[in-house]
Amino acid sequence: LCAILGKAPLFGLMTDEGRMSSWLVEIKTSKEPDWGVIGTAIGRKVIDANPYITGIDKYLGTEVTNENMHLLKKMGSATAAAGAVGLYHVENLTPDAKQRGRELLMEGYQTYVIDDAEQARVLGNFPLEAEGRPEKPTVCFIGCPHNTYHELLTWGKNVTEAVEKRGLEKAAIPTLLFCANVVRDRLVEEEPLLVGAMKRAGMKFTNICTLSYCGMKGFSERMYAVTNSPKTRNYYPYVRYFTDENLVDIICTGEIPKGA
């Protein structure tokens, strides 16, 4: 209706008051955080508030770019999937936060600190449901929300280089890369040799979504999916979440590394 009218009702996030923050979230991990885990932690804690997040601009910089947008997307999708966050502010980075700073914090705001211990606690509470599921991973899902061009390029290089380094003809399990057709087509046009290596390694493109696969009848009994998407994991706990580094190993070997 907003698109038809060319107008939007003046309420909620459309107002300055509606974008105020009742939560200050301080990221104090000793190194770059796992963006999916901290997004999940924030969503669980603030539920439907607008969190004001500090401590991550040192990893992301002060401008939204193609190099950091996918990290913000990963964190943001997790806040919405684990909670119902419709807007977050990042100090020194997102528009309102750059303009108004901590004036966005409401009187009486609450504080949530995510350090190494809290990040590990949240990751340790991710469900590992496995009833009827194969014992070892059978497929890897990358891209929920859909992959950006930067993500496709990075994953293509990481997996094909790992396969070549290990002396393999192809990876142990296939990787499904979820993306819009226009993004896939750009990669095909600009990186044809890489795309060929990706296909030989068992990487495939699809424009549907991970939940369409997860919702297939008998999926949980036939498939053991692994992913780096906290959104997928929050909506479908039969799919296991791993860091990017662990996923590359799992894709190549079909085995879950010890301690992962």
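In this report, the structure presented in the accompanying data block is examined. As the structure is a prediction and not an experimental result, all values here were calculated from the model. (Residues numbered from 1 in each chain as written. Predicted model: local features only at pLDDT ≥ 70, side-chain atom pairs only at ≥ 80, totals over all residues. Heavy atoms only, no water.)

## Focus on the overall build of the protein
Part 1 of the argument: Counting its secondary structure elements, the protein contains 13 helices and 9 strands.
Part 2 of the argument: For 260 residues, the compact-globule estimate of 2.2 N^0.38 gives 18 Å, and the C-alpha radius of gyration of the protein, at 20 Å, lies within 12% of that figure.
Part 3 of the argument: On the principal axes, the C-alpha backbone points of the protein span a range of 60 × 40 × 35 Å.
Part 4 of the argument: Looking at the protein as a whole, 46% of its 260 residues qualify as buried.
Part 5 of the argument: Pairs at least 24 residues apart make up 79% of the contacts formed inside the protein by residues separated by at least 6 positions. (Helix = DSSP H or I, 4+ residues; strand = E, 2+ residues; numbered from the N terminus. Rg over C-alpha atoms; globule rule 2.2 N^0.38 Å. Buried < 20%, exposed > 50% of the residue type's maximum accessible area, 1.4 Å probe, protein only. Contact = heavy atoms within 4.5 Å.)

## Re the packing of helix H7 (residues 149-165) against helix H9 (residues 192-200)
Part 1 of the argument: At their nearest, the axes of H7 and H9 sit 9 Å apart, and the two run at 55° to each other. In terms of their interaxial angle, H7 and H9 are classed as oblique. Two packed elements cross with a definite hand, and for H7 against H9 that hand is left-handed. Contacts between H7 and H9 pair Leu152, Leu153, Gly156, Lys157 and Thr160 from the former with Leu194, Ala197 and Met198 from the latter. (Axes fitted to C-alpha atoms, helices over the stretch in contact; angles between N-to-C directions. Parallel < 35°, antiparallel > 145°, perpendicular 65-115°, else oblique. Left-handed = near helix turned anticlockwise from the far one by under 90°.)

## Structural notes on the pattern of salt bridges
Part 1 of the argument: Inspection of the entire model under this criterion finds 12 salt bridges.
Part 2 of the argument: A salt bridge links Asp249 to Arg166; the nearest nitrogen and oxygen atoms lie 2.8 Å apart. Separated by 83 residues along the polypeptide, Asp249 in helix H13 (residues 244-253) and Arg166 in the loop between H7 and strand S6 (175-178) bring together distant segments of the chain.
Part 3 of the argument: The class for Asp249 is partly exposed, based on a relative accessible area of 29%.
Part 4 of the argument: Residue classification places Arg166 among the partly exposed residues on the basis of a relative accessible area of 41%.
Part 5 of the argument: Between Arg186 and Glu190 there is a salt bridge, with the nearest N and O atoms lying 3.2 Å from each other. Of this pair, Arg186 and Glu190 both sit in helix H8 (residues 181-190), 4 residues apart, which is roughly one turn of the helix.
Part 6 of the argument: Glu190 gets classed as partly exposed once you look at its relative accessible area, which sits at 45%.
Part 7 of the argument: Beyond isolated ion pairs, a larger network of salt bridges with shared partners links Asp16, Arg19 and Asp96. (Salt bridge = Lys/Arg side-chain N within 4 Å of Asp/Glu carboxyl O.)

## Quick word on H7
Part 1 of the argument: If you check H7, its first and last C-alpha atoms are 24 Å apart, about what 17 residues at 1.5 Å a residue would give, namely 24 Å.
Part 2 of the argument: Within the span of H7, buried status applies to Tyr149, Glu151, Leu152, Leu153, Trp155, Gly156, Val159, Thr160, Ala162 and Val163.
Part 3 of the argument: Gly167, located one to two residues past H7, shows a positive phi value of around 75°. (Expected span 1.5 Å × (residues − 1).)

## Considerations on the state of the cysteines
Part 1 of the argument: If you walk through the whole model with that rule in mind, you get 0 disulfides.
Part 2 of the argument: Sulfur of Cys252: no disulfide; nearest cysteine sulfur belongs to Cys140 and is 10 Å away. (Disulfide = S-S within 2.5 Å.)

## Let's talk about the environment of Tyr241
Part 1 of the argument: Counting through the fold element by element, Tyr241 comes out in strand S9 (residues 240-241).
Part 2 of the argument: Take Tyr241: its relative accessible area is 7%, and that puts it in the buried class.
Part 3 of the argument: For Tyr241 and Glu255, which are 14 residues apart along the polypeptide, the C-alpha to C-alpha distance reads 14 Å.
Part 4 of the argument: One polar contact links Tyr241 to Asp34, side chain to side chain, over a distance of 2.5 Å. (Polar contact = N/O pair within 3.5 Å; in protein donor to acceptor, adjacent residues only side chain to side chain.)

## Some details on a nonpolar patch on the surface
Part 1 of the argument: On the surface, Leu1, Ile4 and Leu5 cluster together into a nonpolar patch covering about 440 Å² of accessible area.
Part 2 of the argument: Counting through the fold element by element, Leu1 comes out in the segment before helix H1 (2-5). (Patch = residues over 30% accessible without salt bridge, like charges linked within 9 Å, V, L, I, M, F, W, Y side chains within 5 Å. Areas by Shrake-Rupley, 256 points an atom, 1.4 Å probe, with all protein chains shown as cover.)

## Topic: unusual backbone geometry
The bulk of non-glycine residues show a negative phi, and the bulk of peptide bonds are trans.
Part 1 of the argument: A cis amide bond links Cys144 to the next residue, Pro145, at an omega of 5°.
Part 2 of the argument: Turning to its location among the elements, Pro145 is positioned in the loop between strand S5 (139-142) and H7.
Part 3 of the argument: Here the phi dihedral of Ile47 falls at roughly 60°; this positive angle occurs in a residue that is not glycine.
Part 4 of the argument: Summarising the element assignment, Ile47 is placed in the loop between helix H2 (35-46) and strand S2 (51-54).
Part 5 of the argument: Positive phi outside glycine occurs at Asn92, with the angle close to 70°.

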